[in-house]
Amino acid sequence: MPVIRIDPTTLAGRPCSLASALELVGDRWSLLAVREVSFGNHRFSQIARNTGAPRDRLSARLKALVEGGILERRADPGGSRYEAYYLTEAGEELGPAVLMLMSWGAKWTVTSPPMRQTHDDHPLALTATCATCGRLGGADEVTHEMAVPHWNLAGPEK
């Protein structure tokens, strides 16, 4: 199933790809479900247990993630009668953003990081870089230009 494409001009406020992305994955239970599936927990019961989400709310979020093209449902390979959730290509590409949020949260939001992440034989140290030039020092190095008519960085034009 293809990823839902949202016309950003139909959303309230500034037309922005971030706003469109948050329409699909911008609540706690959605991103936690994506985390669990990326950890290899594919069954609804596993996702529910590990997210702490109310079952009805989680069911709605999983349905929206499937409809949005982030997850897909497949037969459980264990041979049970249940279906399991798997990341689509779009869901896989969401993985680095989830890892960056986890890394940011470990640095800024908790008293002590509850999880360690390693890459090969060393602690995972994530940075965002430009794929073209290989560097990105900070947000002040990025130029933003509105491509939507009647908007500039200050807001809607009068």
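Everything below is about the structure printed above this text.
Overview of the structure. Quick caveat, the model's predicted, so the values are computed rather than measured.

## A look at the nonpolar core
Side chains of nonpolar character tend, in soluble globular proteins, to be buried together.
Alright, step 1. Counting residues in hydrophobic clusters, the biggest one holds 20 residues, and the most contacted among them are V34, I47, L58, L62, L65, L71 and Y85.
Alright, step 2. Mapped onto this core, the elements with two or more residues apiece are helix 1 (17-25), helix 2 (28-38), helix 3 (44-51), helix 4 (55-67), strand 2 (83-87) and helix 5 (89-108).
Alright, step 3. Ranked by the residues each element gives to this core, the list is headed by helix 2, at five residues.

## A closer look at the layout of surface pockets
Alright, step 1. Of the pockets and cavities examined, the largest pocket occupies roughly 540 Å³.
Alright, step 2. Taken together, 19 residues make up the lining of the largest pocket; nearest its centre are L101, M102, S103, A106 and Q117.
Alright, step 3. Of all elements in the fold, only helix 2 and helix 5 reach the threshold of two or more residues within the lining of the largest pocket.
Alright, step 4. Counting residues per element, the lining of the largest pocket draws most heavily on helix 5, which supplies seven residues.
Alright, step 5. Residues of the lining of the largest pocket, tallied by class, amount to 13 nonpolar, four polar and two charged.
Alright, step 6. When its volume is computed, the second largest pocket comes out at roughly 460 Å³.
Alright, step 7. Along the wall of the second largest pocket there are 21 residues; nearest its centre are A21, L24, V25, I70 and L94.
Alright, step 8. Counting residues per element, the lining of the second largest pocket draws most heavily on helix 1, at seven residues.
Alright, step 9. Here the residues of the lining of the second largest pocket sort into 15 nonpolar, three polar and three charged.

## Things to note about the pairing of strand 2
Alright, step 1. With four of five residues buried, strand 2 is to be regarded as a mostly interior element.
Alright, step 2. Looking at chain direction, strand 1 (residues 71-75) and strand 2 are connected through five bridges and run antiparallel. Pairing of L71 across the sheet is with L87, part of strand 2.

## Comments concerning the pattern of salt bridges
Alright, step 1. Scanning the model with the defined rule gives five salt bridges in all.
Alright, step 2. Ionic pairing is found between D27 and R61, a salt bridge with its closest N-O pair at 2.8 Å. Here the residue D27 occupies a position in the loop between helix 1 and helix 2, and R61 occupies one in helix 4, the gap between them amounting to 34 residues.
Alright, step 3. One salt bridge connects E83 with R73, and the closest N-O pair in it is separated by 2.9 Å. Of this pair, E83 sits in strand 2 while R73 is found in strand 1, placing the two residues ten residues apart along the sequence.
Alright, step 4. The exposure class of E83 is partly exposed, given its relative accessible area of 39%.

## A few points about the packing of helix 2 against helix 4
Alright, step 1. Put simply, helix 2 and helix 4 touch, their axes get as near as 9 Å, and they point 70° apart. Comparing their axes, helix 4 and helix 2 come out roughly perpendicular. The residues of helix 4 that touch helix 2, namely those facing W29, S30, A33 and V34, are R57, L58, R61, L62 and L65.
Alright, step 2. Here the contact of helix 2 with helix 4 is composed, by residue class, of six nonpolar, one polar and two charged.

## Some points on unusual backbone geometry
Alright, step 1. The phi torsion at D120 lies on the positive side, around 55°, for a residue other than glycine.
Alright, step 2. Look at D120 and you get exposed, because its relative accessible area is 64%.
Alright, step 3. Non-glycine residue H150 carries a positive phi angle of around 70°.
Alright, step 4. Structurally, H150 can be placed in the loop between strand 4 (122-123) and strand 5 (151-152).
Alright, step 5. By relative accessible area, which is 58% here, H150 ends up exposed.

Rules used in this analysis
Residues numbered from 1 in each chain as written. Predicted model: local features only at pLDDT ≥ 70, side-chain atom pairs only at ≥ 80, totals over all residues. Heavy atoms only, no water. Core = buried A, V, L, I, M, F, W, Y, C linked by side-chain atoms within 4.5 Å. Buried < 20%, exposed > 50% of the residue type's maximum accessible area, 1.4 Å probe, protein only. Helix = DSSP H or I, 4+ residues; strand = E, 2+ residues; numbered from the N terminus. 1 Å grid on protein atoms, 1.4 Å probe; cavity = no way out; pocket = protein on both sides within 12 Å on 5 of 7 lines; lining within 4 Å. Points joined across faces, edges and corners; volume = space filled by probe spheres on them. Nonpolar A, V, L, I, M, F, W, Y, C, P; charged D, E, K, R; others polar. Pairing = 2+ DSSP bridges. Salt bridge = Lys/Arg side-chain N within 4 Å of Asp/Glu carboxyl O. Axes fitted to C-alpha atoms, helices over the stretch in contact; angles between N-to-C directions. Parallel < 35°, antiparallel > 145°, perpendicular 65-115°, else oblique. Contact = heavy atoms within 4.5 Å.

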